[in-house]
Amino acid sequence: MLKNIVSLLLIFSFCNFTDAQTTSAALKEETNIYERVYDAPLQVVGQQSATFDELYAQRPVILALIFTRCTGICNPFLVKLKETLQFKDGDNSFRVLVLSFDPRDNMNDMHRLAQNLGLDGNEQWAFAITENISELTQSVSFDPVWDSARQQFDHDALLVGINKEGYITKKLIGLRERGDLDLLIGSINNVFVPTYRLPNQNMLFSCFNYDPVTGKNKPGLGLIFLALPAVLTASLLISISLLVRRSRRRKVHLN
Amino acid sequence: MQQSSILLLFFFLMGIALIVFTYIYLSSKKADQGMSNPLKKRFWFFLILTIIMGIFASVTIPKSPYFAFADKTPAKVIHVAAIQFAFFLSEKAIDREKPSGQQIELPVNEVIEFRVTSFDVNHGFAIYDESNRLITQTQAMPGYVNRLRYKFEEPGKYNVLCLEYCGVAHQLMRTSFVVK
Amino acid sequence: MESKKLKKITAVWIIVVLTLFVISIVLGILMRLNQGGVLHHAPITFYSNMTIHGITMIGIWFVAGMAGINYLMERYVKTSYSANLIALILTVIGVLMLWAVTLIGKFHTAWTFLYPLPLRVMWAQWATPVFLVAMSILTTGWLIWGISMMTQVLKKYSIPQAFAWQHFKKDPAVKTPPFILISMITLVGVVTCLLVAVVLMALYFAEYFSKGSFVNDALLMKNLTYFFGHTIANEMLYLGLAVIYELFSEVGEKPKWKTTWYVALAWNFTLIFILTAFLHHLYMDFVQPEGFQIVGQIASYMASLPAAAVTVFSVWVAVYRIKIKWTLTNLLFFIGVAGWVIGGFGAVIDATISNNIVLHNTQWVPAHFHTYNILGNVLFSLGFFYWFSIQFTDKVVSEKFSKLILSLLIIGGAGFLLAFYIGGADSIPRRFSNYPAEFTTAKPLANIGAAFATIYLIPILILFYNISKRCLKILFPSS
């Protein structure tokens, strides 16, 4: 009987699973918060050279660190990012800066990357390289490791949120859904949320899920458990009253 | 100091209640005429009480701590992880598998953000100043991170106690940091 | 009319409650003495004592209130003896199990058993499942009792009548006695919070038996725990008030209180506030949406308005310049209402979010809820117990003796409580078995608290002896 109840509960709860994440990814996301990103000189495709602070002072930045000779995560990572952000077309509360951490990458490589992604000339996306890449990657604790056997860099798929003052407000590691991106965009626009949930594989029922788009909490399945007893009591009251209606009528009649 | 005002307010209200109840009790030993116009008096009593409560609510609700310093950029973020029965304080994120902390020094007159969580049961993260007065707190709930922002205006050593009962060594759970 | 069986079972309830009350007070005194450094218990002993002290106190004063309204309800509707008996048996079984779990098994989650503490087994392995089963047994017995009484009321009064809605019109044909209105409102709250306990237990059992594959959300569990815990503690006060509305005038030999439109309005609104005020327990959980926090403060504030403007004012109207026949019963009621009001001040202050940040989990918390109880709700029930016991036996407590009892209750209670209030203002944490050295006032306040609690215990022992003797005569009339 108990197992049946548990199974029923499990069936109703599938919608509340959060992304399963490794502990280490969550840990790395919590470094450098409210520290300043290194103000590197940038060579931006299709634009004049600028320093990083000139860029983020204009609009808060989502920094994506990739390299063009990547045969691994970089391309799917950028494609996913583009897809997820497509609903934010025309939204000028952020700009994505795709920056290469590979010293071999030059402006032509970056231009080709932009074209391949269909983002060449897109106002929300900037593609760039910098001479001071090691200082910059150090300031965001990004640590690519060269694998000489595969001739590839081993690295995290990292997004760094940087607000208009150059402070790192949030980091995301891995391929992320829209909700997380919205949280990132909120954080670089200095929207303060007094709490956030840690990733947990097995947690089923929660009261609320914060929706960064509206800045409000959306009711979760767990809220039903809070409301259920009052609803049940009301139903009980009405049912009992209906069931004993006859004996009530009889009493009135007798009186 | 907030706690002194609270205690004074309480004693004041308690005093009024004691006087009123005693007066009413003593009046019952006298003439047998009861209260004149009780409905009218009840209405005024209700109205005055509602106005007082309304004033208190409208003054105090905006002072709620949830969005304190929300529009400021903190000078430092301190990660706090509570376990049975210790606190880890660190400027870096705390690894659940290998938790470790460090001696924390905070700048005075700057906004500090504490990111508080628990790795096991509910704990409390309560900051006491040098005169052992509780100045701010938040809960440490497993699975969640609470962000507490505070500006320390006085340099000195601040103690942290666990204020949410968490088991047999709850009273021993403490840490401290320095504000310079 | 009250049957013999109902008289006897009520007598049993009274004896059980008073016995457990005396034992729990002693446990409480031992706790304060430990905190004062006079005793040196191991922390696990302190915390196990603390757990069973809390559970027992809430449990006994809840059932005392239920037994009270059950007994008086018989004046209006026929109540079910079986439901009463089932509740008694299951309560005794549940309480005994809980005593075993804490005193033998060393289960020490505190009475609030906040998730996930019960599942972090730092005590005998059997204690956690037995605890969950014991709570389920209590919940079952009390649900049967509550639903049964609701049913009996509904057999005579329709829902609108039970909630006295007809009193919003002038000269209603059917008049709802205040006792029925308040009992109904309170029973709705009681049944609701017991159903919350059912949900809570189901989630606990699910996680306990899932062996790690199912984990509860700590925030949801905390909301459920306080929805149950706060509400049941609040409802036990209102059960006591139902008794007062019925008996206060009668004992003073004055005309019975009637339901008016504002009595009906106040109590109907009270139901809404009672069911939402529990949110004030989560102010320091920043994870809770801000809307919920504000609802918590507003509901907590608003709950005091009908209480003050209707119940308290009605008591004043019933006493002011009216030559009442004062006996121990209505004096206990009257002082209890004063205690309730003072406890309410402490509560509303703490229910203000901007105060809560420096009061939460300090001794201000036990200060206000002990006020509500030892000088509030307990006196309501003691008033009923005493009144009941003198219905069928003679030799009432003399006036001089009554004065002594009441003085000791007030002095003992006040001293004990003031130590807590001052402790709270001194930021002394609650639920500490021993205090850090830097809290220099903590130990002296604890010892002062223990001393005054002992003074409070004296009249309780007198009443225990006096009332239990009479109740035993009711149970065994021949001897």
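Criteria and thresholds
Residues numbered from 1 in each chain as written. Chains lettered and ligands numbered in written order. Predicted model: local features only at pLDDT ≥ 70, side-chain atom pairs only at ≥ 80, totals over all residues. Heavy atoms only, no water. Pairing = 2+ DSSP bridges. Helix = DSSP H or I, 4+ residues; strand = E, 2+ residues; numbered from the N terminus. Axes fitted to C-alpha atoms, helices over the stretch in contact; angles between N-to-C directions. Contact = heavy atoms within 4.5 Å. Buried area = accessible area lost by both parts, 1.4 Å probe. Salt bridge = Lys/Arg side-chain N within 4 Å of Asp/Glu carboxyl O. Polar contact = N/O pair within 3.5 Å; in protein donor to acceptor, adjacent residues only side chain to side chain. Patch = residues over 30% accessible without salt bridge, like charges linked within 9 Å, V, L, I, M, F, W, Y side chains within 5 Å. Areas by Shrake-Rupley, 256 points an atom, 1.4 Å probe, with all protein chains shown as cover. Buried < 20%, exposed > 50% of the residue type's maximum accessible area, 1.4 Å probe, protein only. Expected span 1.5 Å × (residues − 1). Nonpolar A, V, L, I, M, F, W, Y, C, P; charged D, E, K, R; others polar.

**Quick word on the sheet that holds strand β4 (residues 111-118) of chain B**
Then, number 1: Taken in spatial order, the five strands of this open sheet run β10(A)-β7(B)-β4(B)-β1(B)-β2(B), and their pairing is mixed. Each edge of the open sheet is held by one strand with a lone partner, namely β10 (195-197) of chain A together with β2 (86-90) of chain B. If you compare each strand with its neighbour and ignore which way they point, the axes differ by 20 degrees on average.
Then, number 2: By the bridge criterion, seven bridges tie strand β1 (residues 76-83) of chain B to β4 of chain B in an arrangement that is parallel.

**Describing the interface of chain C and chain B**
Then, number 1: The interface of chain C with chain B comprises 83 residues on the first partner and 75 residues on the second.
Then, number 2: In this assembly, chain C packs against chain B so that about 7,300 Å² is buried in total across both faces, 69% of it on carbon and sulfur atoms.
Then, number 3: A salt bridge links Arg174 of chain B to Glu438 of chain C, with the nearest nitrogen and oxygen atoms 2.7 Å apart.
Then, number 4: The tally of links from chain C across to chain B stands at 34 residue pairs in polar contact (both at pLDDT 80 or more).
Then, number 5: Put simply, the parts of the chain that give the side of chain C that touches chain B at least two residues each are α2 (43-73), α7 (218-251), α9 (290-319), α10 (328-350), α11 (353-359) and α13 (399-425) of chain C.
Then, number 6: The biggest single contributor to the side of chain C that touches chain B is α9 of chain C, with 17 residues.

**Observations concerning a nonpolar patch on the surface**
Then, number 1: There is a patch of nonpolar side chains on the surface, built from Phe43, Trp44, Leu47, Ile48, Ile51, Ile52, Ile55, Phe56 and Val59 of chain B and spanning about 840 Å² of accessible area.
Then, number 2: Looking at the secondary structure, you find Phe56 of chain B in helix α2 (residues 38-60).

**A closer look at the pattern of salt bridges**
Residue and element names in this part refer to chain A.
Then, number 1: As enumerated under the stated definition, the model contains 26 salt bridges over all chains in all.
Then, number 2: In this structure, Arg176 and Glu29 form a salt bridge, with 2.7 Å as the shortest nitrogen-oxygen distance. Here Arg176, found in the loop between β9 (168-173) and α7 (178-188), pairs with Glu29, found in helix α2 (residues 23-29); they are 147 residues apart in sequence, far enough to count as distant. Both residues of the pair, Arg176 and Glu29, belong to the buried class.
Then, number 3: Across the pair Lys80 and Glu177 runs a salt bridge whose closest N-O atoms are separated by 3.3 Å.

**Focus on helix α1 (residues 4-35) of chain C**
Helical periodicity: at 3.6 residues per turn, an α-helix aligns residues three or four positions apart in one direction.
Then, number 1: End to end, α1 of chain C covers 47 Å across 32 residues, agreeing with the expected 46 Å (1.5 Å per residue, within 8%).
Then, number 2: Backbone geometry just after α1 of chain C places Gly37 of chain C at a positive phi near 80 degrees.

**Some details on the interface of chain C and chain A**
Then, number 1: Counting residues at the interface gives 35 residues for chain C and 29 residues for chain A.
Then, number 2: Taken over both partners, the interface formed by chain C and chain A buries close to 2,900 Å², and the fraction arising from carbon and sulfur atoms is 79%.
Then, number 3: Seen at the junction of chain C and chain A, the total is zero salt bridges.
Then, number 4: Only α4 (127-156), α6 (178-210) and α7 of chain C provide two or more residues apiece to the side of chain C that touches chain A.
Then, number 5: Along the lines of polarity and charge, the residues of the side of chain C that touches chain A split into 25 nonpolar, seven polar and three charged.

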